[in-house]
Structure formats: C-alpha cells, structure tokens
Amino acid sequence: MSVQTVLLPVFVLIGLAFTLLMGMAVARTRSLRSGETRFKDIALREPNWSARATQIANCFSNQFEIPVLFYILIALALPLRHADLVIVVLSWVFVITRFVHAGIFVTSNNVPQRGLAWFVGVVVLLVMWVYFALRMMLV
C-alpha cells in the first residue's frame, strides 16, 4: 500500500478533530458573547460552559481517547511495512464510526446510538490490533 493510501484515513480523522476544535471555539465564543457564560465562571477551567459548548468540547476531547490507539497502530504498521489492504479498509471503517459517533454527539446526543457507534469503532480497532499483532508475530 502506498503511504498516501495508508495515511489518508489518519488525515481525515485529524480533520474531524480540527473541525470539532473550531466548532468548540465558536460555541464558547457565542456562550461568552451572549452572557450565558462569564469569564470569571471559567477562568480556572471550571465546567461552567453552556450545554452546547460543553457538548462539542466533550466530543472534541473524545477524539484523544480511543483514536490515539488508531494513530499508534498506523504509526507502527507503516514503517514496519504491515499496513496492507486489510489495515486500510479497517481504517476507513474505524474513521466512519468516529464520524458517526461525533455526528450523534454534536446533534441529538442520543447516548444509546452514540454508544453503539463507539462500540463498533472499538471492535474494529481491536480487530485491527489483533490482525497487526498476528502478522507481526507470525511473519
């Protein structure tokens, strides 16, 4: 697999994180401008943001939990030349689950649906790690 093919899902997932970061900044700015949140209420990182700003911030924060294991896997698989078609296809499935998860998180925030999207992504990532580990140990 070409480096570009392997890294494209990584870049797309990073794009999601930056999009959420910008959305969080906009939501927080609106919350401050509207007076819903005051600077003194959040100056020491107290969780006093508006519900909408908190919702987007929590989704953004979530991009640094499970996805970190994905980034590590790709960072290992690529230089070790074990990033094959299976890894790329599963990468895209994982990225799609992250978009679904984030989409639910920042819209309806339906926890059972969001949890299902999260769980499917975790299972896909686990399969990726098992596949990678077996290829590393058996080759």
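Residues numbered from 1 in each chain as written. Predicted model: local features only at pLDDT ≥ 70, side-chain atom pairs only at ≥ 80, totals over all residues. Heavy atoms only, no water.

Draft legend 1. Structural view of the packing of helix α5 (residues 85-106) against helix α6 (residues 111-138). The contact between α5 and α6 brings their axes to 8 Å, and the two run at 160°. Looking at the two axes, α5 sits roughly antiparallel to α6. Crossing handedness for the pair α5 and α6: left-handed. Between α5, through Val86, Ile87, Leu90, Ser91, Val93, Phe94, Thr97, Arg98, Val100, His101, Ile104 and Phe105, and α6, the contact on the second element is made entirely by Gln113, Arg114, Ala117, Trp118, Val120, Gly121, Val124, Leu125, Val127, Met128 and Tyr131. Among the residues making up the contact of α5 with α6, the classes are represented as 16 nonpolar, five polar and two charged. (Axes fitted to C-alpha atoms, helices over the stretch in contact; angles between N-to-C directions. Helix = DSSP H or I, 4+ residues; strand = E, 2+ residues; numbered from the N terminus. Parallel < 35°, antiparallel > 145°, perpendicular 65-115°, else oblique. Left-handed = near helix turned anticlockwise from the far one by under 90°. Contact = heavy atoms within 4.5 Å. Nonpolar A, V, L, I, M, F, W, Y, C, P; charged D, E, K, R; others polar.)

Draft legend 2. Local environment of unusual backbone geometry. If you check the backbone angles, arginine 45 has positive phi at about 65° while not being a glycine. Relative to the assigned elements, arginine 45 resides in the loop between α2 (39-42) and α3 (51-62). Overall, arginine 45 belongs to the exposed group, its relative accessible area being 79%. Phi is positive for arginine 81, which is not a glycine, with a value near 60°. Mapped onto the secondary structure, arginine 81 falls in the loop between α4 (66-77) and α5. (Buried < 20%, exposed > 50% of the residue type's maximum accessible area, 1.4 Å probe, protein only.)

Draft legend 3. Quick look at the packing of aromatic side chains. Throughout the structure, instances matching the rule amount to four aromatic pairs. The interplanar angle of 75° and the centroid separation of 5.1 Å between the aromatic rings of phenylalanine 60 and phenylalanine 64 together place this pair among those described as edge-to-face. Each ring, one from phenylalanine 70 and one from tyrosine 71, has its centre 5.9 Å from the other, and the planes form 55°; the classification is tilted. Through pairs of rings, three or more aromatic residues link up here, namely Phe70, Tyr71 and Phe94. In this structure, arginine 114 is placed above the aromatic ring of phenylalanine 105, and the distance from its NZ or CZ to the ring centre is 4.0 Å. (Phe/Tyr/Trp six-rings, centres within 6.5 Å; stacked < 30°, edge-to-face > 60°. Lys NZ or Arg CZ within 6 Å of the ring centre and 35° of its normal.)

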